[in-house]
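Read off the chains here:
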Amino acid sequence: MAAEEGRPGVRVRAWEPADLEAMTAIWNEVVRDGRAFPQIEPLSGPDEAAAFFSAQTRSAVAVGDDGAVAGLSILHPNNVGRCGHVANASYAVASHARGRGVGRALVSDSLEALAPCGFRGLQFNAVVASNAGAIALYESLGFTRIGTVPEGFRNLDGAYEDIHVYYHPAP
């Protein structure tokens, strides 16, 4: 994917083994923050991380002009069998790179990858209600909120909050 218009320097590409250390650090930062991902345990090391990212239909990284990994995405079936044509994705952006178009580039890349990967749409099952940046991004890209699960997410501090389900058909 080319640099986003008005956001020079953000480009998305398939991950490479050399990216693994940065990807793991970014993923684990979001997991440890306990405010967006359902995972409780971080990836334990390079072998576990390589297996995890390799198991996805598509894992990608967003890099800046300096070539440094600023964020990542994973894309995979949301379900199995007769529901396997709908994808699910997760995005992690390094805290120092947020607000610079990295998330938009990653989500846009996922949408572009849907049809080539055999998916007819992209569904997010658990967008935490307090994640205002993600919600604004998804809605600006044409995702539709199709429901809310009351208190479906337990934050790191133990507080429960709503999660939203979003959907976008393949372009």
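Relevant structure appears above.
First things first, this report covers the structure right here in the doc.

Conventions used here
Residues numbered from 1 in each chain as written. Predicted model: local features only at pLDDT ≥ 70, side-chain atom pairs only at ≥ 80, totals over all residues. Heavy atoms only, no water. Helix = DSSP H or I, 4+ residues; strand = E, 2+ residues; numbered from the N terminus. Buried < 20%, exposed > 50% of the residue type's maximum accessible area, 1.4 Å probe, protein only. Contact = heavy atoms within 4.5 Å. Lys, Arg positive; Asp, Glu negative; His and termini not counted. Charge placed at Lys NZ, Arg CZ, Asp CG, Glu CD. Axes fitted to C-alpha atoms, helices over the stretch in contact; angles between N-to-C directions. Parallel < 35°, antiparallel > 145°, perpendicular 65-115°, else oblique. Nonpolar A, V, L, I, M, F, W, Y, C, P; charged D, E, K, R; others polar. Pairing = 2+ DSSP bridges. Salt bridge = Lys/Arg side-chain N within 4 Å of Asp/Glu carboxyl O.

Comments concerning the overall build of the chain
From N to C terminus, the chain includes 4 helices and 7 strands. Along the first, second and third principal axes, the C-alpha set of the chain runs to 40 × 35 × 35 Å. Residues counted as buried form 46% of the 171 residues belonging to the chain. Long-range pairs, those at least 24 residues apart, make up 61% of the contacts in the chain with a sequence separation of at least 6. Taking the 13 positively charged and 19 negatively charged side chains of the chain as two groups, their mean positions are separated by 4 Å.

Observations concerning the packing of helix H1 (residues 20–33) against helix H2 (residues 46–54)
Running from amino to carboxyl end, H1 crosses H2 at an angle of 90°, the nearest separation of the two axes being 10 Å. Classified by the interaxial angle, the pair formed by H1 and H2 is roughly perpendicular. Judged by residue contacts, Leu 20, Met 23, Thr 24 and Trp 27 of H1 engage Pro 46, Ala 49, Ala 50, Phe 52 and Phe 53 from H2. Across the contact of H1 with H2, the residue classes tally to 8 nonpolar, 1 polar and no charged.

Looking at the sheet that holds strand E2 (residues 58–63)
Pairing in this open sheet of 7 strands is mixed, and the strands run E1-E2-E3-E4-E5-E7-E6 from one edge to the other. Either end of the sheet is taken by a strand with one partner, and the two such strands are strand E1 (11–14) and strand E6 (144–154). For this sheet, the mean inter-axis angle between neighbouring strands, taken without regard to orientation, is 25°. Pairing geometry for E2 and strand E3 (residues 69–77), over 6 bridges, is antiparallel. The residue of E3 that forms the bridge with Ser 59 is Ile 74.

Topic: the pattern of salt bridges
Going through the model one piece at a time under the given rule, you end up with 5 salt bridges. Between Asp 19 and Arg 13 there is a salt bridge whose closest N-O contact spans 2.7 Å. What emerges from the salt-bridge pattern is a single network uniting Arg 13, Glu 16 and Asp 19.

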